[in-house]
Amino acid sequence: MKKLVFLTGAGVSQESGISTFRDSDGLWENYPVMDVASADGFKRNPELVHHFYNERRKQLIDTRPNKAHLIIKELEQDFDVITITQNVDDLHEKAGSNNIIHLHGELMKVRSIAHPERTYTLEYPNIETCATTVDKYGDIIRPHIVFFGEDVPLYTDALDIVADADILVIIGTSLVVYPAAALVNFTKKGTPIFYIDPKPSTVSYLDNITYIAKKATEGMTELAEILRKNYI
Ligand code: OAD
């Protein structure tokens, strides 16, 4: 089976009711990003950061995957699918996708500050954390989120996956946050790339890119047909 790699961003979850970051009324318009998503912000005011991510988690309780997430899962019948997502939501999981890399971390996980390798998955409905929440060793925990200025631990895994892709599909990302945005440059020469986004950024330096300037659900419906017809 061909290796079909998705790089998804906030736009793939927009039709499920989750705000993007940089569209009008996006999250970063309503919250000071360096207060809630930076290591310094966390040091200054951990309560605020926990509160911010608790609010995001609560939003997930009633949020369902949309048709775009579901089609990505369905394509596993015909392709070897791997999804690299910049999203911290759990909608690819809820859709049933099997191979997911969360480049920027996961809302539903926390980790020990003292021992970052100790990560814990929160279980609904006990999904709220606070600045004094500790793990079983008594160590304080923090959101398992890549804050601005921090390394992206899964980046090299993602690079290898993109370099090995037979087809790359980019969905709903402004491609302005690095290093995630740079991933699209690492496909093998000639690899077909599709970019679904109602307002895609211009990536004119890439060969073989096809823009589908539509929302994720409509764009994925269209693309699934193209993929099944031409690439199986
Ligand atoms: P952005 O908010 O920067 O971009 C969202 C993209 O989704 C834009 O290109 C929109 O045009 C597009 N879009 C909006 N509605 C859509 C829809 N229904 N279907 C498809 N596309 C749609 O979000 P990201 O590119 O994901 O990082 O942002 C990258 C990173 O910046 C995030 O992972 C986050 C943020 O700061 C961290 O939190 C570390």
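Chains are numbered independently. Their residues run from 1 in the order of the written sequence. Thresholds applied to this predicted model are a pLDDT of at least 70 for local features of residues and 80 or more for the giving and counting of side-chain atom pairs; totals over whole chains, interfaces and linings are not thresholded and use all residues. Side-chain metrics in this entry use all non-hydrogen atoms of the structure; hydrogen atoms and water are not considered.

**Considering the sheet that holds strand 6 (residues 141-145)**
Here is the rule: At least two DSSP bridges between two strands are required for those strands to pair. Helix numbers and strand numbers start at the N terminus; a helix is a DSSP run of H or I with at least 4 residues, a strand a run of E with at least 2. For every element, the axis is a line fit to its C-alpha atoms; helices are fit only across the contacting stretch, and the angle between N-to-C directions ranges from 0 to 180 degrees.
One open sheet accounts for 3 strands, arranged 5-4-6; its pairing is antiparallel. The open sheet has two edge strands with one neighbour each: strand 5 (119-121) and strand 6. Going from strand to strand, the sheet's axes swing by 40 degrees on average, the running direction of each strand aside. Taken together, the 3 bridges between strand 4 (residues 105-112) and strand 5 define a ladder with antiparallel strand orientation. Each residue of the ladder has a partner; that of Arg111, found in strand 5, is Thr119.

**What to know about the packing of helix 6 (residues 67-74) against helix 9 (residues 216-230)**
The criterion, for reference: Any angle that is under 35 degrees is reported as roughly parallel, and any over 145 degrees as roughly antiparallel; angles of 65 to 115 degrees are reported as roughly perpendicular and all others as oblique. Crossings are assigned a handedness: left-handed for a near helix turned anticlockwise from the far helix by less than a right angle, right-handed for a clockwise turn. We call two residues in contact when some of their heavy atoms are within 4.5 Å.
Contact geometry of helix 6 with helix 9 gives a least axis separation of 8 Å together with a crossing angle of 20 degrees. Comparing their axes, helix 9 and helix 6 come out roughly parallel. You can see that helix 6 and helix 9 cross each other, and the crossing is left-handed. Contact with helix 6, carried on its side by Lys67, Ala68, Ile71, Ile72 and Glu74, involves Ala216, Thr217, Met220, Thr221, Ala224 and Arg228 of helix 9 and no other residues of that element.

**Structural notes on the environment of Gln59**
Operational definition: A 1.4 Å probe rolled over the protein chains alone gives each residue an accessible area, and that area as a share of the maximum for its type sets the label: buried under 20%, exposed over 50%, partly exposed in between.
Tracing the chain through its elements places Gln59 in helix 5 (residues 46-61). The partly exposed category is assigned to Gln59, whose relative accessible area is 29%. Taking the C-alpha atoms as reference, Gln59 lies 9.0 Å from Gly17; in sequence the two are 42 residues apart.

**Re a nonpolar patch on the surface**
Defined as follows: Like-charged residues are merged into a patch within 9 Å and nonpolar side chains (Val, Leu, Ile, Met, Phe, Trp, Tyr) within 5 Å, provided each residue has over 30% relative accessible area and no salt bridge. Here the open area of atoms and residues is found with the Shrake-Rupley method and a 1.4 Å probe, where only the protein chains shown may cover a residue. Only one rule defines a salt bridge in this text: a Lys or Arg side-chain nitrogen within 4 Å of an Asp or Glu carboxyl oxygen.
On the surface, Ile113, Val134 and Ile140 cluster together into a nonpolar patch covering about 230 Å² of accessible area. Among the secondary structure elements, Val134 is positioned in the loop between strand 5 and strand 6. For Val134, a relative accessible area of 44% gives the class partly exposed.

**Description of the side chain of His92**
As for its position among the elements, His92 is in helix 7 (residues 91-95). His92 sits in the buried class, given a relative accessible area of 1%. Here His92 is in contact with Thr8, Val12, His69, Ile72, Thr83, Thr85, Ser97 and Ile100, once residues within four sequence places are set aside.

**Thoughts on the packing of aromatic side chains**
Test applied: Any pair of Phe, Tyr and Trp rings, taking the six-membered ring for Trp, is counted once the centres come within 6.5 Å. Such a pair is stacked with planes under 30 degrees apart, edge-to-face with planes over 60 apart, and tilted for the rest.
For the structure shown, the criterion picks out 6 aromatic pairs. Centroid distance Phe42 to Phe147: 6.0 Å. Interplanar angle 40 degrees. Geometry classified as tilted. Remark: Phe147 occurs in the loop between strand 6 and helix 8 (155-163) and Phe42 occurs in helix 4 (residues 39-44); sequence separation between them is 105 residues. By the burial criterion, Phe42 is buried, and Phe147 matches it. Summarising the aromatic geometry, the rings of Tyr195 and Tyr211 are spaced 5.9 Å apart at their centres and angled 40 degrees between planes, so their arrangement reads as tilted. Note that Tyr195 is positioned in strand 8 (residues 193-196) and Tyr211 in strand 9 (residues 209-212), a separation of 16 residues in sequence. Judged by relative accessible area, which is 34%, Tyr211 ranks as partly exposed. In textbook terms, an aromatic cluster arises when at least three aromatic residues are bridged by ring pairs, as seen for Tyr31, Phe42, Phe52, Tyr53 and Phe147.

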